[in-house]
Amino acid sequence: MELFQIIDWTDDLSTPIVPSSDTREDETMTDTRMTTTAGAPVADNQNSLTMGHPGPIALQDWQLIEKLAHQNRERIPERVVHAKGWGAFGTFTVTNDVTAYTRAAIFGAVGKTTDVLMRMSTVAGEMGAADAERDVRGFAIKFYTEEGNWDLVGNNTPVFFIRDPLKFPDFIHTQKRHPRTNLRSPTAMWDFWSLSPESLHQVTILFSDRGLPVAPQYMNGYGSHTYSFWNAAGERFWVKFHFKTMQGHRHWTNDEAAQVVARSRESFQEEFHGAIEKGDFPRWKMQVQIVPEAEIARFDFDPFDLTKVWPHALAPLIDVGVIELNRNPENYFAEIEQAAFSPSNMVPGIGASPDRMLQARIFSYADAHRYRLGTHYEALPVNAPKCPVHHYHKDGAMRFFGSTTGNADAYYEPNSFGGPKQDPSVAEPPLAVTGPMSRHDHRAGNDDYVQPRALFDLFDAGEKARLYANIAAAMGGVPREIVERQLAHFEKVHPDYAAGVRAALVATIAAE
Ligand code: NDP
């Protein structure tokens, strides 16, 4: 594969320049006069208003002040994680009947289509970070269903580094900048990972070939958490979501990625946006693993543990549909930077599970959007459902929409003015829980090695050699005690794993 073949589209000077979004909107404009935001025509957008010449600028130059004030407000807080992203719109089409498992309207009939928005992202890097960096990728999908927006906010990996959300801020601190040096800290990363053996599965994926994809369209997505389906008869099924790339997997090695980054920090955006602009629409096959509620007892591990997959032998993949992305955003900021995905956005027929990480994300994602975007962020065009919205939330930032109840007198509930009412027919079936309220030790009795071993056994000799080298390269400057602690975990996965990383470390040191 030619290293830079993917970004040739940018160099094709014979292609006419795509009109900007503003130009497209302008096609419907009859009055092309420039105006202020209040709609008043602007007489001069070139020269400030001065008191004499030369002379100081008059405070009265409201057009200058408006422009500077707007510029000062062009940024909103970037996401603490998943800051840098690439997104596009498209459709989801049902290809297989899963109505036996879920009453969700989106899956109502084979051939049915639903509009979607997808945003993929790196996790640790800030908005200006390079795309071709080794990192987990976010894989978020908003399905605009007729019964509300369903957001599936996953990753390109089926598992995660931790299983208890109490550790999430600690974990993310190790991925971000050191408070004194303001540099990323390999010591912090490996210290945390080596003290948290549940991270081993995800660490192995991160440093394998799939930890550095070429572009968003060449990677799988996973819902990662265990979710639930329930059908029209009120029967619950536990479910895992998979999105298999139909473009094939493509990855960079560390050396290739270094060359890509040296040429462009925006390689994902170039390849992803460019492909859609050319009509080369990326597609993913959606599949599910399904286990009836009562049958989950046959698992010999916690099926709600985010550090573990469901082996396909325990729950085979079932086809559901296909996602195709076929429309780039007209305005990146409005439609991708302001896109708000949250696992709390579920619809009748799709529910949560006792996965601790999912439980916490249901709170924290919506909370992040309230902070970043404002109270009524769901009313922004990109986030607004395409079905009617009838809620009783009242005022606050961005209350730019009118009544959501159909009657101004119906602004509380219950009311006598015909306001919208609850619908018990969409209630989720009750879930029985057992045991005392306690801080159950999530590490007790958990085997953190068997699934990384199953993955390690999938790798051929070349993949194993690259895994060892990638890990050794990431351990530069990490104290010996921490390295040895991590090698002890690799040893428990497979003696070859520890020996391979140790040899790669020796080779790296010798080469320095
Ligand atoms: P299977 O052989 O039935 O499935 C293997 C899975 O691993 C496939 O989903 C495949 O995805 C994926 N895979 C194949 N090669 C690689 C690779 N080099 N790096 C990362 N993923 C790869 O085995 P099991 O279901 O028993 O799982 C074995 C191990 O595979 C697990 O411990 C886990 O680490 C990994 N895995 C399992 C998944 C699952 O949901 N069961 C999902 C993803 C990974 P694809 O078809 O896209 O190639």
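These numbers were taken from a predicted model, which means no experiment stands behind them.

Caption draft 1: Summary view of the pattern of salt bridges. Scanning all chains against the criterion turns up 24 salt bridges. Two residues, Asp 131 and Lys 84, come together in a salt bridge whose shortest N-O distance is 2.8 Å. You can see Asp 131 sitting in the loop between β2 (113-122) and β3 (137-145) and its partner Lys 84 sitting in the loop between α2 (62-72) and β1 (85-94), a full 47 residues away along the chain. Both residues of the pair, Asp 131 and Lys 84, belong to the buried class. For Arg 163, the salt bridge identified is with Asp 305, shortest N-O distance 2.9 Å. Of this pair, Arg 163 sits in the loop between β4 (148-155) and α3 (168-175) while Asp 305 sits in the loop between β8 (283-292) and β9 (318-327), and the two are 142 residues apart along the sequence. Just as Arg 163 is buried, Asp 305 falls in that class too. The network of salt bridges with shared partners includes Arg 163, Asp 305, Lys 308 and Asp 448.

Caption draft 2: Region of interest: helix α9 (residues 356-372). Here α9 spans 24 Å end to end across 17 residues, near enough to the 24 Å set by a 1.5 Å rise per residue. A maximum bend of about 30° is found in α9 at Ile 362. For α9, the set of buried residues is Met 357, Leu 358, Arg 361, Tyr 365, Ala 366, His 369 and Arg 372. The elements touched by buried residues of α9 are β4, α3, β6 (227-230) and α8 (332-337). If you check the start of α9, you find a side-chain oxygen 2.8 Å away from the backbone N of Met 357, and it comes from Asp 355. Directly after α9, the chain includes Gly 374, whose backbone phi takes a positive value near 120°.

Caption draft 3: Representation of the site of the ligand within the structure. In the region of the ligand, 19 residues are neighbours, and His 201, Arg 210, Asn 220, Lys 244 and His 312 sit closest. Within the side chain of Asn 220, a nitrogen or oxygen atom sits 2.6 Å from an oxygen atom of the ligand. One of the backbone N or O atoms of Trp 310 is found 2.9 Å from a nitrogen atom in the ligand. Protein burial of the ligand: of its 780 Å² of free accessible surface, 76% is covered by the chains. Those elements that provide at least two residues to the shell around the ligand are β7 (236-245) and α10 (450-458). Looking at which element gives the most residues to the shell around the ligand, the answer is α10, with 4 residues. Here the shell around the ligand is composed, by residue class, of 9 nonpolar, 7 polar and 3 charged. A domain split of the shell around the ligand shows at least three residues from each of domain 1 (85-166 + 214-383) and domain 2 (450-511).

Cut-offs used in this document
- Per-chain numbering applies: the sequence of each chain, read as written, is numbered from 1 onward.
- Thresholds applied to this predicted model are a pLDDT of at least 70 for local features of residues and 80 or more for the giving and counting of side-chain atom pairs; totals over whole chains, interfaces and linings are not thresholded and use all residues.
- To get the side-chain values, take all heavy atoms of the structure and skip hydrogens and water.
- Only one rule defines a salt bridge in this text: a Lys or Arg side-chain nitrogen within 4 Å of an Asp or Glu carboxyl oxygen.
- Each helix is a run of DSSP H or I of at least 4 residues and each strand a run of E of at least 2, with the numbering of both proceeding from the N terminus.
- Partly exposed residues are those whose accessible area sits between 20% and 50% of the maximum for their type, while under 20% is buried and over 50% is exposed, using a 1.4 Å probe and protein chains only.
- Take the residue count of a helix, subtract one, and multiply by 1.5 Å to get its expected span.
- Bend, in this description, refers to the angle at a residue between axes fitted to the seven residues ending there and the seven starting there.
- Residue contacts are defined here by distance: any two heavy atoms, one from each residue, within 4.5 Å place the two residues in contact.
- In protein, a polar contact means a hydrogen-donor-capable atom and an acceptor-capable atom, both N or O and within 3.5 Å, with residues adjacent in sequence counting only if both atoms are side-chain atoms; elsewhere, any N or O pair within 3.5 Å suffices.
- We call a residue near a given molecule or strand whenever any one of its heavy atoms falls within 4 Å of it.
- Calculation of accessible area relied on Shrake-Rupley with a 1.4 Å probe; when residues are assessed, cover is drawn exclusively from the protein chains displayed.
- Each residue is assigned to one class: nonpolar for Ala, Val, Leu, Ile, Met, Phe, Trp, Tyr, Cys and Pro, charged for Asp, Glu, Lys and Arg, and polar for all the others, Gly among them.
- An automatic or database domain assignment supplies the residue ranges for each domain.

Honestly, that's just the spatial picture; any functional story needs more than this.
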